[in-house]
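Residue strings, one per chain:
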Amino acid sequence: MMFAQCTRKGASSVLLIALLCCILSPPAQASKSSEDIRCKCICPPYRNISGHIYNKNVSQKDCNCLHVVEPMPVPGNDVEAYCLLCECKYEERSTTTIKVIIIIYLSVVGALLLYMAFLVLVDPLIRKPDAYTQPLHNEEENEDARSLAAALTPSGARANTVLERVEGAQQRWKRQVQEQRKTVFDRHKMLS
């Protein structure tokens, strides 16, 4: 119980820190790193030149073939024709958001793994038998043992020793197993 509360507190604190990082981060354009923005130009094959993909970190206004494709694979008079074939796109992403989402995901998975370890290792030690069902099982076992012992002993005398009760329960169990085997094999023969 205490371990589960610690796990919940740890997971909630990680989520709180991740949310604060998202909220308190500086404005998007001011904090763009070179991995967050790029211009991607896809140029198809042209004459004897194979197709190629060019990436470069440039501003959105400079996202065109002339600024991104370096070195230019064609001579000066074919540059315009080559650039008309190229398709350039300005791409922008937020690596901070990606990192925060990964941290949240890993913290949730970690919390679930810790909770599973808690359930597997500690819960069986803490869990106590149910106070209501345990006496019922004991009464049923005692009644079965008494009735079996009374049937086995001559002239209806009650079995007084623990050994006789255990033997009676063992005999009853053996009869049940034999009946189960018989019904299983009979059904198997019917299905064959």
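A brief look at the structure comes next. Note on numbering: residues in each chain are counted from 1, in written sequence order. Selection of residues for local features in this predicted model requires a pLDDT of at least 70, selection of side-chain atom pairs for listing and counting requires 80 or more, and totals for whole chains, interfaces and linings are taken over all residues. Only heavy atoms go into the side-chain values, all of them from the structure, while hydrogens and water stay out.

## Examining a nonpolar patch on the surface
The following threshold applies: Two distance rules govern patches: like charges are joined within 9 Å, and nonpolar side chains (Val, Leu, Ile, Met, Phe, Trp, Tyr) within 5 Å, applied only to residues with over 30% relative accessible area and no salt bridge. Surface exposure here means Shrake-Rupley accessible area, sampled with a 1.4 Å probe, where a residue is shielded only by the protein chains that are shown. What makes a salt bridge here is a side-chain nitrogen of Lys or Arg within 4 Å of a carboxyl oxygen of Asp or Glu, nothing more. Numbering of helices and strands runs from the N terminus; a helix is a DSSP stretch of H or I covering at least four residues, while a strand is a stretch of E covering at least two. Relative accessibility under 20% of the residue-type maximum defines a buried residue, over 50% an exposed one, and the middle range a partly exposed one, all with a 1.4 Å probe and only protein chains included.
Together, Ile98, Ile102, Tyr105, Leu106, Val109, Leu113, Met116, Val120, Leu121, Val122, Leu125 and Ile126 give the surface a local cluster of nonpolar side chains, amounting to about 1200 Å² of exposed area. The dominant element in the nonpolar patch, judged by the number of residues it contributes, is helix H4 (residues 95-121), at 9 residues. With respect to the element layout, Ile126 can be found in helix H5 (residues 123-126). By relative accessible area, Ile126 is classed as partly exposed at 46%.

## Section: the side chain of Asp78
This is how the line gets drawn: In what follows, a contact means two residues having at least one pair of non-hydrogen atoms within 4.5 Å.
With respect to the element layout, Asp78 can be found in the loop between helix H2 (65-68) and helix H3 (79-85). A relative accessible area of 13% places Asp78 in the buried class. With residues near it in sequence (within four places) discarded, Asp78 still touches Tyr46 and Arg47.

## Digging into unusual backbone geometry
Put simply, Glu70 and Pro71 share a cis peptide bond, and its omega is -10 degrees. Despite not being glycine, Arg47 has its phi angle at roughly 55 degrees, a positive value. Tracing the sequence through the fold places Arg47 in the loop between strand E1 (37-43) and strand E2 (52-56). Overall, the relative accessible area of 67% leaves Arg47 in the exposed class.

## What to know about the sheet that holds E1
The test is simple: Paired strands are those between which DSSP finds at least two bridges. Interaxial angles span 0 to 180 degrees and are taken between N-to-C directions of axes, which are lines fitted to C-alpha atoms, for helices over the stretch in contact.
Pairing is antiparallel in the open sheet, where 3 strands are placed in the order E2-E1-E3. Strands with a single pairing partner mark the edges of an open sheet, and in this sheet they are E2 and strand E3 (87-92). Across the sheet, the mean angle separating the axes of adjacent strands is 20 degrees when strand polarity is ignored.

## Focus on the pairing of E1
Of the two faces of E1, only the one carrying Ile37, Cys39, Cys41 and Cys43 is buried; Arg38, Lys40 and Ile42 on the other face are not. Across 6 bridges, E1 lies against E3 in antiparallel orientation. By the bridge assignment, Cys39 is partnered in E3 with Tyr90. Alignment of E1 against E2, held across 5 bridges, turns out to be antiparallel. Its bridge partner being in E2, Cys41 is matched across the sheet by Tyr54.

## Here's the deal with the packing of aromatic side chains
A ring pair, where both rings are aromatic, is described by two values, the distance of the centres and the angle of the planes. Under the convention used in this document: Note on aromatic pairs: the rings of Phe, Tyr and Trp (six-membered ring only in Trp) are paired at centre separations within 6.5 Å, and the planes decide the class, stacked below 30 degrees, edge-to-face beyond 60, tilted for the rest.
This model, assessed by the stated rule, comprises 2 aromatic pairs. With a centroid separation of 5.7 Å and 70 degrees between ring planes, the pair formed by Tyr46 and Tyr82 is classed as edge-to-face. Within this pair, whereas Tyr46 is found in the loop between E1 and E2, its partner Tyr82 is found in helix H3, the two being separated by 36 residues in sequence. Accessibility expressed as a relative area gives 10% for Tyr46, which makes it buried. With a relative accessible area of 1%, Tyr82 lands in the buried category. Seen in terms of ring centroids, Tyr115 and Phe118 are 6.3 Å apart; in terms of plane orientation they differ by 25 degrees. Their pairing is stacked.

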